Amino acid sequence: MPYGFTVEIRGEYACFSRPELKVERVSYEVMTPSAARGILEAVFWKPEIQYIIDEIAVCAPIKWENIRRNEVNSKIPYSSIENAVKKLNEGTLEINAANDRAQRAALVLRDVCYVVKAHFELTDKAGAEDTTGKYTAMIHRRLQKGQCFHMPYLGVREFPAQLKLLEGDEYTPIQATRPLGLMFYDFEYGINFIPTYFMAELVNGVVDLQNVEVLR
């Protein structure tokens, strides 16, 4: 049986980057399901459980802001990492940011507040001692104490998130109803990472994810 919980997520800035816009970041209007899952996994995660996002409520007006940030142009090649592992640190595992820096614009969200309803299900990694009640108590305790394995963030690591466990429905979504278009849903993890999408719709300030048709 799946167990659910409700979490309020706030932040000064957020950027849930649209993958079709490569050079300069442009955020979706609303938090993506994968971003919500990542925030919950920052609080608590084990291979024995899988988070499923049921609903994302937008509880603050959608506001935009243009900002500029310094970013590096390059990534450390995978071959360098392989060489460093196999040949005892012979690979180069660094990027000189001073020589590889570029200033890019980003269209981000400002002063966001979401309420995420989610549940988890046990995976095939769960053993006989793993129960939904056990993990529910652990997740609730960590949320109540503000404990995280790493800082949860709103799309990019520069934008930290503040979390609060809600015991009831003491929140008010914005009164907005409109289609949001094709939105990134999550990755299917297997031999390859397969991105999935869905047609998002905001109905009275809420994106309902319980019966969406996932597109590959």
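Conventions we followed
- Numbering of residues starts from 1 in each chain and follows the order in which that chain's sequence is written.
- With the structure being a predicted model, the display of local features is reserved for residues of pLDDT at least 70 and the display and counting of side-chain atom pairs for 80 or more, all residues being used for whole-chain, interface and lining totals.
- Hydrogens and water molecules were not included; the side-chain quantities draw on all heavy atoms of the structure.
- The helix and strand labels rest on DSSP assignments: H or I over at least four residues marks a helix, E over at least two residues marks a strand, and numbering proceeds from the N terminus.
- Working rule for contacts: check all heavy atoms of both residues, and any pair within 4.5 Å makes them a contact.
- Residue-level accessible areas treat just the shown protein chains as cover; the underlying method is Shrake-Rupley with a 1.4 Å probe.
- His is not counted, nor are the chain ends; Lys and Arg add positive charge and Asp and Glu add negative charge.
- By convention, charge coordinates are those of NZ in Lys, CZ in Arg, CG in Asp, or CD in Glu.
- Exposure categories follow from relative accessible area, calculated using a 1.4 Å probe and restricted to protein chains: below 20% of the type maximum is buried, above 50% is exposed, and the middle band is partly exposed.
- One confidence number per residue, pLDDT, is output by the predictor and ranges from 0 to 100.
- We call two strands paired when DSSP finds no fewer than two bridges between them.
- For Phe, Tyr and Trp, rings pair up if their centres lie within 6.5 Å, where Trp contributes its six-membered ring, and each pair is then called stacked (planes under 30 degrees apart), edge-to-face (over 60) or tilted (otherwise).
- Should the NZ of a Lys or the CZ of an Arg lie within 6 Å of a ring centre and within 35 degrees of the ring normal, that charge is described as sitting over the ring.
- Each nonpolar core is a collection of buried residues, namely Ala, Val, Leu, Ile, Met, Phe, Trp, Tyr and Cys, held together in the definition by side-chain atoms within 4.5 Å.

Chemist: Describe the overall build of the protein, and please don't skip the residues or the numbers.
Modeler: Each helix and strand in the protein was counted, giving three helices and nine strands. Along the protein, helices and strands appear, N-terminal first, in the series β-β-α-β-β-α-β-α-β-β-β-β. Overall size of the protein, expressed as C-alpha extent along the three principal axes, is 55 × 45 × 35 Å. Across the protein, contacts joining residues at least 24 apart in sequence account for 72% of those joining residues at least 6 apart. Per element, the accessible surface of the protein, about 12700 Å² overall, is 50% carbon and sulfur. Treating the 25 positive side-chain charges of the protein as one cloud and the 29 negative ones as another, the clouds have centres 5 Å apart.

Chemist: Give me the lowdown on helix 1 (residues 33-43), citing residues and values where you can.
Modeler: With nine of its 11 residues buried, helix 1 lies for the most part within the structure. Considered for burial, the residues of helix 1 that qualify are P33, S34, A35, A36, R37, I39, L40, A42 and V43.

Chemist: Please provide a residue-by-residue account of the confidence of the model for the protein, values included.
Modeler: Looking at the protein, pLDDT values average 90 and 95% of them are 70 or higher. Highest mean pLDDT in the protein belongs to strand 9 (residues 206-208) (97); lowest belongs to helix 2 (residues 78-86) (76).

Chemist: So what about the pairing of strand 3 (residues 49-58)? Which residues, and what values?
Modeler: The buried count for strand 3 comes to eight of 10 residues, which makes it a mostly enclosed element. In terms of strand pairing, strand 3 meets strand 5 (residues 101-122) through nine bridges, oriented antiparallel. Within the sheet, the bridge partner assigned to Y51 lies in strand 5 and is F120.

Chemist: Any chance you could break down the packing of aromatic side chains for me, citing the residues and the numbers?
Modeler: In total, this model carries nine aromatic pairs according to the counting rule given. Measuring from ring centre to ring centre gives 6.1 Å for F5 and Y51, while their planes differ by 90°; the resulting arrangement is edge-to-face. With F5 in strand 1 (residues 3-14) and Y51 in strand 3, the pair connects residues that are 46 residues apart, well separated along the chain. With respect to burial, F5 and Y51 carry one shared label: buried. When the ring centre of F149 is taken as origin, the NZ or CZ atom of R142, which lies over that ring, is 4.1 Å away.

Chemist: Would you mind going over the side chain of T32 in detail, with residue names and values included?
Modeler: Within the element layout of this structure, T32 appears in the loop between strand 2 (25-26) and helix 1. With residues near it in sequence (within four places) discarded, T32 still touches F16, I56, M183 and F184.

Chemist: Tell me about the nonpolar core, residues and numbers included.
Modeler: A general feature of soluble globular proteins is that nonpolar side chains tend to end up buried together. F5, F16, M31, I56, Y114 and L154 are the most contacted members of the largest nonpolar core, which has 49 residues in total. Among the secondary structure elements, those contributing two or more residues to this core are strand 1, helix 1, strand 3, strand 5, helix 3 (132-145), strand 7 (178-189) and strand 8 (193-202). Looking at which element gives the most residues to this core, the answer is strand 5, with eight residues. By size, the runner-up hydrophobic cluster in this structure holds eight residues, among which are A57, C59, L166 and Y171.

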